Every structure is written in C-alpha cells, then in structure tokens.
Amino acid sequence: MNPETGHIQKEFTNPLVGSKPEQGKFVGLFIHNKHLCVCTSNGDLSYTALDSKKTETKTISNLGPELEIMRGHPTQTHIFAIGGKERDLCIYDIDQIQKSKKEQETLDAAGPNKNTSLHKKKSNKSVGLIFQAKNVQNDFLDLQQPIWIHDLQFMNPEATKIAVATHYHQFRLYETKVGRRPTINVEIGKHPIKVLSIGNDFNHVLFADTMSTVGMIDIRTGKRSSQFKGFSGAATDLLTVPTPKFDDDPQVTRHVASTSLDRFMRVHETSTVYRNIENKAYLKQRLTCIVVDESFEYPVPKVKTAEEEEAEEEEALWKSMEITKDRKRKLA
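Bear in mind that the values here come from a model prediction, so they are computed numbers and not experimental data.

Asker: I'm lost on the overall build of the protein chain in this one. Help?
Answerer: Counting its secondary structure elements, the protein chain contains two helices and 20 strands. By the compact-globule yardstick of 20 Å for 332 residues, the protein chain is too spread out, its C-alpha radius of gyration being 28 Å. Dimensions of the protein chain along its principal axes, counting C-alpha atoms only, are 130 × 55 × 40 Å. Looking at the protein chain residue by residue over its 332 residues, the buried ones come to 38%. Considering only contacts within the protein chain whose residues lie at least 6 apart along the sequence, 45% involve residues at least 24 apart. When the accessible surface of the protein chain is split by element, carbon and sulfur atoms take 51% of a total near 21500 Å². On the protein chain, the mean spot of the 46 positive side-chain charges and the mean spot of the 44 negative ones are 6 Å from each other.

Below you can see the structure in the form of structure tokens.
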C-alpha cells in the first residue's frame, strides 16, 4: 500500500484465514529476500514472492496450531520466532524450511522409486528449528506450569536473547547460549501482558497489560524501571520513536507513541523520570496498531523577517488604494 495515497499496490489472499471456525487469523509477517513471509494462528507458514503474478500465498510448512505471535529478527531476516497457547518459544530458520520444501518437491517428482520410509521423514515442526524452549520447573504441587505467549522481541543482533510476555502476567528472558529455560522469569502485575516492544535501548522493553498499565522493564534485572500514566483504556500497541537499532547511540532522545482501546493516540516523553504526555489525539476509530514514518518531515512555514513584513504591508497598502480618474476640465 502506498502510505501517501492509501492505494493498494499489491494484494495477497490466504484461503486458510477467515471467520469460519476451521480458519485462523494472521499472527505475524516480515520480508525476506523480496519474499513475503506470513504465519497464521493455525500454523500455516507461507513464503510468497512480492513480484508473483498469483494472488494467493504459497504455503511451505505447518508449524502447528494455537499460535499467538510470529516475529522476524530485525537484521537477520531469515530467523523468526513463534509462540502461543501451550506453544513455548521456538526459533526457526526460514531458509532451511524453504530448502527442505524444495527437496521434498524433488522427491515427489521422482516417482514411485522415492524413499517413503516413515521413520526417515522429518516432522514439519522440526524442519528449520534452531531453538526450542523448555518449560520452567513444576510448581510446589508438582504441577506443570501453563504456557501462553502473547508477544516477543529479539534483544540482540545474534538472535540469542529473546524477551517474552505471557497471558499469566510473566516476563521471561531466554538466552539460547545459556540453556533452554528462561534466565529471568518474573511476574509483572496481576493481569495478562498483551504487548511487548523495544524500549529506549535493547536493555529495556515496553509492556502493556489488559488493564491500562503501561511500563518499562529492565531486562538485566527483570524489574520495572518506569511507568507511563494517562491511559483510560488498555494499550493495543507501543512504539519507541526513533526506533532503536543495534548500532544506535543510546543517548538519543526518544518518545513513546501508543494506541489504546479508548481511541486515543498518545506521545510520552522519556527524557525525564515523570514520563509526561506531550501530545494526544482522539482518532475516532478502534486503534490496533501504530506505524511511524521516521523519514517524513513536516513542512515548517518560513519565518519572515521584519523587512519582508514591512514590504508586504506597504504593498498591501498601495493595492488597497482606489485609482482615481482624471476629470476633464470645462473650458470657459
């Protein structure tokens, strides 16, 4: 879609997404090698060329049901992570999935002589799998802890540090080089955490729950470092502007833009400990997401000098005068 005109330039459809009970919804998308990678809540993973003449997405794998989120790595675009209800964190390499898909198509085209041994076939869930998290230890009653991931974020360039927010108001930090269990597992508040976003830098994350609580967590300690006030409805999306990058200067002044169920878009400052609201606007629609064009510059009107204003006033004065006609004199 063209952001300036709103004109849709290219459109793809997925027959597995819809309002029917057997259909799912979109849970994430990203771009890799000029291909659109899309995942649904039913686990359908598609990999479609952006210049494809077909209007339907091309499925390459199924990652299993009950997914809530799929997010790609910001720099290593071939890596993505998923999570959901009773679906713990998993990290995949889409290049390996695509390679396995092509090999399977080659075997299918080989005819009846291909090897069809069931014990040699790999499950779709394990193809391209880089990391699979392990649930935390059982509680004091020796019962398994429930899993329900709502959102996640990659926190380093190597894709070895991932922050996760759960339905059971837990914040978890996974480090794949350390182990499969989370290195930090803390409870934040008493309500499900629905939104997780990068904070001022990659040592902090923003979070929002279902009861209008918005704050920032230091992932090094797992403690809440600040809170943003002024919300009368649950926040649906959070975004730090300018968006932090791995090679950015951490001293850059940033703002937090947010949308919420009360239909307000808010902008908070982060330079003071008060986290004051600098601007807010009522946008009438039910807001679910916010995107900022950081390259856009609002046209600032030119400031006129005192000489230019004086010259304009003088010109306006002359133009406002009526033109008088010469009267013909009567001869005596």
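There's plenty left to go through after this.
Asker: How should I be thinking about the pattern of salt bridges in this particular structure?
Answerer: Where charged atoms from two side chains of opposite charge come close, those side chains can pair. Going through the model one piece at a time under the given rule, you end up with four salt bridges. Arg 254 is the partner of Asp 248 in a salt bridge, and the nearest nitrogen-oxygen pair spans 3.7 Å. Note on Asp 248: relative accessible area 32%, which makes it partly exposed. A salt bridge links Arg 266 to Asp 262, with the shortest nitrogen-to-oxygen separation between them at 2.7 Å. The exposure class of Arg 266 is buried, given its relative accessible area of 1%. A relative accessible area of 15% means that Asp 262 is categorised as buried.

Asker: Sorry, what's going on with the sheet that holds strand S18 (residues 255-260) here?
Answerer: By way of backbone hydrogen bonds, the strands of a sheet pair with one another, either parallel or antiparallel. Spatially, the four strands line up as an open sheet ordered S17-S18-S19-S20, and their pairing is antiparallel. Whereas interior strands pair on both sides, the edge strands pair on one side only; in this sheet they are strand S17 (235-241) and strand S20 (277-282). Each strand axis lies, on average, 15° off the axis of its neighbour in the sheet, ignoring direction. Of the pairings in the sheet, the one linking S17 to S18 comprises six bridges and is antiparallel in character. Residue pairing across strands places Leu 239 opposite Ala 257, the latter belonging to S18.

Asker: Looking at this structure, how should I read helix H1 (residues 94-109)?
Answerer: Since the α-helix packs 3.6 residues into each turn, any two residues three or four apart lie on the same face. With 16 residues, H1 extends 23 Å from end C-alpha to end C-alpha; this agrees with the ideal 22 Å at 1.5 Å per step. Ile 94, Ile 97 and Gln 98 are the residues of H1 that are buried. Viewed along the axis of H1, the buried residues span an arc of 95°, placing them on a single side of the element. Close packing links the buried residues of H1 with strand S1 (26-32), strand S2 (35-40), strand S3 (44-49), strand S4 (59-62), strand S6 (79-84) and strand S7 (87-93). The opening residue of H1 is Asp 93, an N-cap whose side-chain oxygen sits 2.9 Å from the backbone nitrogen of Asp 95.

Asker: Quick question: what am I supposed to make of the environment of Glu 56 here?
Answerer: Counting through the fold element by element, Glu 56 comes out in the loop between S3 and S4. The exposure class of Glu 56 is partly exposed, given its relative accessible area of 46%. Discounting residues that sit within four places of it in the chain, Glu 56 has contacts with Phe 12, Thr 13, Pro 15 and Thr 48.

Asker: How do you make sense of the packing of aromatic side chains when you look at a structure like this?
Answerer: In this description, a pair of aromatic rings is defined by centroid distance and the angle of the planes. A full pass over the atoms with the stated rule returns four aromatic pairs. An aromatic cluster of at least three residues, connected via ring pairs, comprises Phe 30, Phe 80 and Tyr 92. Across the ring face of Trp 148, the terminal group of Lys 85 is positioned such that the distance to the ring centre comes to 4.7 Å.

Asker: What am I meant to see in a negative patch on the surface here?
Answerer: On the surface, Glu 307, Glu 308, Glu 309, Glu 310, Glu 313, Glu 314 and Glu 315 cluster together into a negatively charged patch. Take Glu 310: it is sitting in helix H2 (residues 306-320). With relative accessibility at 55%, the residue Glu 310 sits in the exposed group.

Asker: For this particular structure, what's the right way to read the environment of Phe 246?
Answerer: Looking at the element boundaries, Phe 246 is found in the loop between S17 and S18. With a relative accessible area of 26%, Phe 246 lands in the partly exposed category. Not counting residues up to four positions away in its chain, the partners in contact with Phe 246 are His 73, Pro 74, Thr 75, Met 155, Asn 156, Pro 157 and Phe 202.

The rules we used
- Residues numbered from 1 in each chain as written.
- Predicted model: local features only at pLDDT ≥ 70, side-chain atom pairs only at ≥ 80, totals over all residues.
- Heavy atoms only, no water.
- Helix = DSSP H or I, 4+ residues; strand = E, 2+ residues; numbered from the N terminus.
- Rg over C-alpha atoms; globule rule 2.2 N^0.38 Å.
- Buried < 20%, exposed > 50% of the residue type's maximum accessible area, 1.4 Å probe, protein only.
- Contact = heavy atoms within 4.5 Å.
- Areas by Shrake-Rupley, 256 points an atom, 1.4 Å probe, with all protein chains shown as cover.
- Lys, Arg positive; Asp, Glu negative; His and termini not counted.
- Charge placed at Lys NZ, Arg CZ, Asp CG, Glu CD.
- Salt bridge = Lys/Arg side-chain N within 4 Å of Asp/Glu carboxyl O.
- Pairing = 2+ DSSP bridges.
- Axes fitted to C-alpha atoms, helices over the stretch in contact; angles between N-to-C directions.
- Expected span 1.5 Å × (residues − 1).
- Arc of directions from axis to C-beta.
- Polar contact = N/O pair within 3.5 Å; in protein donor to acceptor, adjacent residues only side chain to side chain.
- Phe/Tyr/Trp six-rings, centres within 6.5 Å; stacked < 30°, edge-to-face > 60°.
- Lys NZ or Arg CZ within 6 Å of the ring centre and 35° of its normal.
- Patch = residues over 30% accessible without salt bridge, like charges linked within 9 Å, V, L, I, M, F, W, Y side chains within 5 Å.

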